[in-house]
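# Coordinates in review
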Amino acid sequence: MISIAKPVMGEEEKKAVLEVLDSGIIAQGPKVKEFEHNFAQMCGVKHAIATTSGTTALHMALLAHDIGPGDEVITSPFTFIASANSVLFVGAKPVFVDIDPKTFNMNVSQIESAITPKTKAILPVHLYGMTCDMDAIIKIAQKHNLAVIEDACQAHGAEYHGKKAGFFGTGTFSLYPTKNMTSAEGGMITTNDEKIDELCRVIRNHGMRRRYYHDQLGYNFRMTDVHAAIGNAQLAKLPANNAKRRSNAQYYNENLEGVTVPYVPQGFHHVYHQYTIRVPDGKRDDLREYLKQNEIGSEIYYPLPIHKQGFYIDKLGAQTFPQAEFAAEEVLSLPVHPFLSQSDLEKVVETINTFMAKGE
Ligand SMILES: Cc1ncc(COP(=O)(O)O)c(C=O)c1O
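Residues numbered from 1 in each chain as written. Predicted model: local features only at pLDDT ≥ 70, side-chain atom pairs only at ≥ 80, totals over all residues. Heavy atoms only, no water.

### Digging into the site of the ligand
Spelled out, the test is: One heavy atom within 4 Å of a molecule or strand is enough for the residue carrying it to be called near that molecule or strand. Polar contact is the term for a pair of N or O atoms within 3.5 Å; when the atoms are in protein, one must be able to donate a hydrogen and the other to accept it, and sequence-neighboring residues count only if both atoms are side-chain atoms. For every accessible area listed, the method is Shrake-Rupley and the probe measures 1.4 Å; residues are considered covered only by the protein chains on display. What counts as a helix is a DSSP run of H or I of at least four residues, what counts as a strand is a run of E of at least two, and both are numbered from the N terminus. Residues are sorted three ways: Asp, Glu, Lys and Arg are charged, Ala, Val, Leu, Ile, Met, Phe, Trp, Tyr, Cys and Pro are nonpolar, and all the rest, Gly among them, are polar.
Around the ligand, 15 residues are found, and the nearest of them are Gly54, Thr55, Asp151, Ser174 and Lys179. Glutamine 154 is positioned with one of its side-chain polar atoms (N or O) 2.8 Å from an oxygen atom of the ligand. A distance of 2.7 Å is found between an oxygen atom of the ligand and a side-chain nitrogen or oxygen belonging to serine 174. Burial of the ligand by the protein amounts to 91% of the accessible area it has alone, namely 390 Å². If you list the elements that add at least two residues to the shell around the ligand, you get α3 (54–64) and α4 (82–89). In terms of residue count, α3 provides more of the shell around the ligand than any other element does, 3 residues in total. Counted by class, the shell around the ligand contains 6 nonpolar, 7 polar and 2 charged residues.

### Regarding the packing of aromatic side chains
What counts here: Within 6.5 Å between ring centres, the rings of Phe, Tyr and Trp (the latter by its six-membered ring) count as paired, and their orientation is classed by plane angle as stacked under 30 degrees, edge-to-face over 60, tilted in between. Relative accessibility thresholds used throughout: buried, under 20% of the residue-type maximum; exposed, over 50%; partly exposed, between the two (1.4 Å probe, protein chains only). For a ring to carry a charge above it, either NZ of a lysine or CZ of an arginine must fall within 6 Å of the ring centroid while also lying within 35 degrees of the normal to the ring plane.
Evaluation of the coordinates by the stated rule reveals 16 aromatic pairs. Each ring, one from tyrosine 219 and one from phenylalanine 221, has its centre 4.5 Å from the other, and the planes form 5°; the classification is stacked. A relative accessible area of 32% places tyrosine 219 in the partly exposed class. Between lysine 102 and the ring centre of tyrosine 263, over which it is positioned, the NZ or CZ distance is 4.3 Å.

### Section: the side chain of histidine 156
To be explicit about the condition: Contacts were defined at the residue level, with two residues in contact if any of their heavy atoms lie within 4.5 Å.
Assignment of secondary structure puts histidine 156 in the loop between β5 (147–151) and β6 (159–160). Histidine 156 has contacts with Phe39, Phe173, Ser174, Leu175, Lys179, Asn180, Met181, Leu238, Asn242 and Val271, leaving out every residue within four places of it along the chain.

### Some thoughts on the side chain of arginine 284
Take arginine 284: it is sitting in helix α9 (residues 284–293). Within the local environment of arginine 284, its side chain forms a polar contact with the backbone oxygen of valine 331, the two atoms lying 2.7 Å apart. Apart from the residues lying within four places of it in its own chain, the contact partners of arginine 284 are Val279, Ile300, Ala328, Glu329, Glu330, Val331 and Leu332.

### A look at the pattern of salt bridges
Counted only if it meets this: We count a salt bridge whenever a side-chain nitrogen from Lys or Arg sits within 4 Å of a carboxyl oxygen from Asp or Glu.
Throughout the structure, instances matching the rule amount to 16 salt bridges. The partner of lysine 143 in a salt bridge is glutamate 112, with the nearest N and O atoms 3.0 Å apart. Taken as a pair, lysine 143 in helix α6 (residues 134–144) and glutamate 112 in helix α5 (residues 111–114) lie far apart in primary sequence, 31 residues in all. The exposure class of lysine 143 is exposed, given its relative accessible area of 62%. We classify glutamate 112 as partly exposed; its relative accessible area is 33%. Within the structure, one salt-bridge network assembled from shared partners comprises Glu36, Asp197, Arg201 and Arg204.

### Description of the pairing of strand β13 (residues 275–278)
Formally: Paired strands, in this sense, are two strands between which DSSP finds at least two bridges.
Residue alternation in β13 divides its side chains into two sets, Tyr275 and Ile277 and Thr276 and Arg278, and both sets are buried. As paired elements, β13 and strand β14 (residues 331–334) share 4 bridges and run antiparallel to each other. Note on β14: the bridge partner recorded for arginine 278 is valine 331.

### Some thoughts on the sheet that holds strand β12 (residues 268–269)
Within a beta sheet, neighbouring strands are joined by backbone hydrogen bonds and run either parallel or antiparallel to one another. Strand order in the open sheet made by the 3 strands is β7-β6-β12, with antiparallel pairing throughout. Across the chains shown, the open sheet's two edge strands, defined by having one partner strand only, are β7 (163–164) and β12. Across 2 bridges, the pairing between β6 and β12 is antiparallel. Each residue of the ladder has a partner; that of glutamate 159, found in β12, is histidine 269.

### Points about the nonpolar core
To keep it simple, the criterion reads: Only buried residues count toward a nonpolar core, which is a set of Ala, Val, Leu, Ile, Met, Phe, Trp, Tyr and Cys residues joined through side-chain atoms within 4.5 Å.
Within the largest apolar cluster, 52 residues are counted, with the highest numbers of intra-cluster contacts made by Phe78 and Leu334. For this core, the leading source of residues is helix α12 (residues 342–358), giving 6 residues. Beyond its immediate stretch of four places on either side in the chain, leucine 334 contacts Ile4, Tyr252, Leu256, Tyr275, Ile277, Leu291, Val348 and Ile352. Of all hydrophobic cores here, the second largest spans 22 residues; its members include Val32, Ala152, Ala165 and Leu238.

### A few points about the sheet that holds strand β1 (residues 47–51)
Which entries qualify depends on this criterion: Angles run from 0 to 180 degrees between N-to-C directions of axes, and those axes are lines fitted to C-alpha atoms, restricted for helices to the stretch in contact.
Read from one edge of the open sheet, 7 strands run β1-β9-β8-β5-β4-β2-β3, paired in mixed fashion. This sheet does not close on itself; its edge strands, each paired only once, are β1 and β3 (93–96). If you compare each strand with its neighbour and ignore which way they point, the axes differ by 25° on average. Where strand β2 (residues 72–75) lies against β3, 4 bridges are found, and the strand directions are parallel.

### Considerations on unusual backbone geometry
Across the junction of tyrosine 301 and tyrosine 302, the peptide omega takes the value 10°, indicating a cis bond. For tyrosine 302, the location among the structural elements is in the loop between α9 and α10 (310–316). For phenylalanine 104, which is not glycine, the phi torsion reads 70° and is therefore positive. Even without being a glycine, tyrosine 128 presents a positive backbone phi close to 65°. Residue placement: tyrosine 128 occurs in the loop between β4 (119–123) and α6. By relative accessible area, tyrosine 128 is classed as buried at 3%.

Shown next, in the form of structure tokens:
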């Protein structure tokens, strides 16, 4: 079976974990600090704050920006549920704009008309490993005095005109095993803003600045040194692993027939967390089944846009975003992880091209 994702723990990760276990400091300690330093450097920002997941990174970032009941946050309906759930968790309202059908990211031309006096932030999601059009988003945010919280959970190392995802606003990353890098479970926030950095650290640890004096409501969102040890070893491998993902994608781009391959505008450096094609003429589900019969994994990210999920309809009422809904019917993500062999790539291409040519 050619799997859609393959998290691989090498000797470096194993050694790093054993060192932590032997050190006696297994909760948050020096390894987390080192990981935060290295991650901030990778993104070209001053601060990184480690946490327990991408979901808690989003949650903390929203809290640090003082977003809560009565506030609105503009985001995409075509993403993993956590992007919008984090907004609900702080008591605010997610306001969706439709996606650009070519990039699958927020259609920036629709953002301004979604702004109301209640809007506090824009939450662009860098879907599949390619950033949103950040110049346009930052320009709108500055004009309307809005925070920008990047959901970079799928975009470790992605670049927009030479700057890394997580550089532009308050960045949030997931370190789940299937991501371009992992710490088993974990998350990271990135920022250049001293105040946001400080607030995230306080919220992460029960609202404490002084031990057992609690200045505000906080959580235990702390990463452990065991996870940070894995994260550090994985971060060192990120450039090589992203390069392999990009070369796998290049092979698909050059060889796939009958499907629409990912569109990458000039100045965007895609890191292919997912390699997502569009399958035309209602053939997506049959192609997926054919791939399965041929022992090739694939996945649909995402089959039901967020505004169509039952509890979102209950909360926000019926809404329609035609491009997100159409994408949900056509998208199919193929294996693109760094551990694919040349024969795996050839098999995926041959299987898809055969199916699309026959029109089965
Ligand atoms: C776009 C997006 N946002 C948020 C998350 C949440 O991250 P985590 O699973 O680490 O909580 C994910 C993870 O799948 C994601 O893909």
